[in-house]
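# Fold and geometry: a report
Okay, here's what each chain looks like letter by letter:
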Amino acid sequence: MTRKRLTGRMTMPRRTILASAFGAACLAAFGAQAQQTAPQQTGPLRIGVLTDMSSLYADVTGNGSISAVQMAIEDFTAGRKTRPIEVISADHLNKADIAASTAREWIDRNGVDVIVDVPNSAVALAVGNIVRDKNKVMLASGPSSSDLTGKSCSPNTIHWTYDTYSLATGTATAVVGSGGKTWFTLTADYAFGHAMEQDVKNVVAKSGGQVLGGVRTPLNTQDFASFLLQAQASKAQVIGLINAGGDTINSIKQAVEFGVTGGGQRLVATVLYINDVHALGLPVVQGLQFTEAFYWDLNEQTRAWSKRFAERNGGRHPSALQAGAYASVLHYLRAAEAAGGSADGKAVVDKMKATPTDDPLFGKGSIRVDGRKLHDMYLFEVKKPDESKYPWDYYHVRKVIPADQVWRPLAEGGCPLVKS
């Protein structure tokens, strides 16, 4: 199994101890309540960032997610006396068996209390089972399968940033409403793609459109030629790219090279990250619409935090998944303190659900009984090159989609935690 130091050298996981600052500031309400109701644990709280360091999600999670977690710890401990907090990290290599083995070892041998990030839905579903059995916590800020709050929901998992249902609802509804009635899908052949494909089909049909056909593509494929030829031959108005990260970059790039958009068909990305837009360039992706949970340039708070993030990451701005890693860990730390410690994972998750969320990146929100974090989503459109005025100025906000309109209704998910 390959693991990575925060410095970039391949080795056993590095623990980074972020010592709490000792200041005159009083404990926040969470801490004060916890002191009155339960004894504080004195040993370190341990966070494991299980991420993609070397493959198609490395740019949108990876070292950036580790930085985001460190920032959450620093903001939580600033000017206050708290338990020591340690961070370890590893590359799951997009393999569910490696991820599950790592999670088990972290919990049993390293005393990890919470596992964060876990991009790749198959990985997250496997790790979620380990975490539930060990009564620890998984903060799923990186994966997108809506099964994490549906049939595979867990009392020990919070699903933070987005999911396939919300992305499909925001994007497909807008595209069908603007005339894109017939679709052909290119779907990444693993848990995320399967879940997103079904959600897209449901939304397209509900909106009055039709999916004419589709094809499954291998994860991390380099050649989309045969798949794009099938999409062209379908004569569908819309080619829906149900993939993410490097797969999205490659499929968009090759679609442009093959003249797909020039032939009158419309390319739609169901998942698009700012890192993808940066890699492809505005001339290639201008005008593309998609749904996302976060953009660094939304308001003064997101801009201030993103500036700090960029200073640590070679000028690269944060993805929504990295923002989700920060916000979920910040809320977790508050809840763990309020619950009197991190030993009982389910109790901490219950406290997270019972407490309104509030952070500088997603604003105010809440967490449902099924573990779904609720916040507004956004329909973005990529700017034309002449509309971009400064570095990373890439998006127009076309619509704010309220939380009560974009997330799957609680009764429709099939989560066993939801009582009828």
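## Focus: the overall build of the chain
In terms of helices and strands, the chain carries 14 helices and 16 strands. A burial count over the chain gives 59% of its 420 residues as buried. For the chain, contacts bridging at least 24 residues in sequence account for 73% of all contacts bridging at least 6. When the accessible surface of the chain is summed, it comes to about 15900 Å², and 50% of that surface belongs to carbon and sulfur atoms.

## Regarding the environment of lysine 419
On the secondary structure map, lysine 419 appears in the segment after α14 (403–406). Distance in space between the C-alpha atoms of lysine 419 and valine 369 is 9.5 Å, their sequence separation being 50 residues.

## Some words on the state of the cysteines
Counted under the stated rule, the structure contains one disulfide. What pairs with cysteine 153 in a disulfide is cysteine 415, and their sulfur atoms sit 2.0 Å apart. The chirality of the disulfide connecting cysteine 153 with cysteine 415 is right-handed, given an S-S dihedral of about 80 degrees. Taken together, the positions of cysteine 153 in the loop between β5 (137–140) and β6 (157–159) and cysteine 415 in the segment after α14 put the pair 262 residues apart, joining distant regions of the chain.

## Notes on the packing of aromatic side chains
Applying the stated criterion across every chain, the model contains 15 aromatic pairs. With a centroid separation of 6.1 Å and an interplanar angle of 40 degrees, the aromatic rings of phenylalanine 294 and phenylalanine 362 are classed as tilted. Highlighted residues: phenylalanine 294 in the loop between β11 (289–292) and α11 (300–312) and phenylalanine 362 in the loop between β12 (357–359) and β13 (363–367), separated in sequence by 68 residues. Look at phenylalanine 362 and you get buried, because its relative accessible area is 10%. Centre to centre, the rings of tryptophan 296 and tyrosine 390 are 6.3 Å apart; their planes meet at 80 degrees, and the pair counts as edge-to-face. A residue pair is termed long-range when its members are at least 10 positions apart, and tryptophan 296 in the loop between β11 and α11 and tyrosine 390 in the loop between β15 (377–382) and β16 (395–401) qualify at 94 residues.

## Remarks on helix α13 (residues 345–354)
Three or four residues apart is the spacing at which side chains of an α-helix point the same way, because the helix has 3.6 residues per turn. Buried within α13 we find Gly345, Val348, Val349, Met352 and Lys353. Mapping the buried residues of α13 onto a view down its axis gives an arc of 140 degrees, with all of them on the same face. Where α13 begins, the capping side chain belongs to aspartate 344, and its oxygen is found 3.3 Å from the backbone nitrogen of lysine 346.

## Regarding the nonpolar core
One finds Ile47, Leu186 and Tyr332 to be the most contacted residues of the largest nonpolar core, which totals 102 residues. Here this core takes 12 residues from helix α12 (residues 320–338), the largest share from any one element. In contact with tyrosine 332, not counting residues within four places along its chain, are Leu45, Asp113, Val114, Val137, Leu139, Ser342, Val348 and Met352. Core analysis: the next-biggest nonpolar cluster, separate from the first, contains 20 residues, Ile115, Ile130, Val131 and Met138 among them.

## Side note on helix α2 (residues 62–77)
End to end, α2 covers 23 Å across 16 residues, agreeing with the expected 22 Å (1.5 Å per residue, within 8%). With respect to burial, α2 is a largely interior element, 13 of its 16 residues being buried. Count one or two residues on from α2 and you reach glycine 79, which has phi positive near 70 degrees.

## Focus: the sheet that holds β13
Taken in spatial order, the three strands of this open sheet run β12-β13-β14, and their pairing is antiparallel. Strand pairing shows two members of the sheet lacking a second neighbour, β12 and β14 (373–374), which therefore form its edges. Looking at chain direction, β13 and β14 are connected through two bridges and run antiparallel. Among the inter-strand pairings, serine 366 is bridged to a residue of β14, identified as leucine 374.

## Digging into the sheet that holds strand β7 (residues 182–188)
Taken in spatial order, the four strands of this open sheet run β8-β7-β9-β10, and their pairing is parallel. Whereas interior strands pair on both sides, the edge strands pair on one side only; in this sheet they are β8 (210–217) and β10 (266–269). Sheet twist, expressed as the mean angle between neighbouring strand axes with direction ignored, is 20 degrees. Alignment of β7 against strand β9 (residues 238–242), held across five bridges, turns out to be parallel. Paired with tryptophan 183 across the bridge in β9 is valine 238. Each of β7, β9 and β10 is contacted by helix α5 (residues 164–177), which is oriented at about 160 degrees to β10, the strand it contacts most. Strands β7, β8 and β9 of the sheet are contacted by helix α7 (residues 225–234), whose axis makes an angle of about 165 degrees with β7.

So, how was this worked out
Residues numbered from 1 in each chain as written. Predicted model: local features only at pLDDT ≥ 70, side-chain atom pairs only at ≥ 80, totals over all residues. Heavy atoms only, no water. Helix = DSSP H or I, 4+ residues; strand = E, 2+ residues; numbered from the N terminus. Buried < 20%, exposed > 50% of the residue type's maximum accessible area, 1.4 Å probe, protein only. Contact = heavy atoms within 4.5 Å. Areas by Shrake-Rupley, 256 points an atom, 1.4 Å probe, with all protein chains shown as cover. Disulfide = S-S within 2.5 Å. Phe/Tyr/Trp six-rings, centres within 6.5 Å; stacked < 30°, edge-to-face > 60°. Arc of directions from axis to C-beta. Polar contact = N/O pair within 3.5 Å; in protein donor to acceptor, adjacent residues only side chain to side chain. Core = buried A, V, L, I, M, F, W, Y, C linked by side-chain atoms within 4.5 Å. Expected span 1.5 Å × (residues − 1). Pairing = 2+ DSSP bridges. Axes fitted to C-alpha atoms, helices over the stretch in contact; angles between N-to-C directions.

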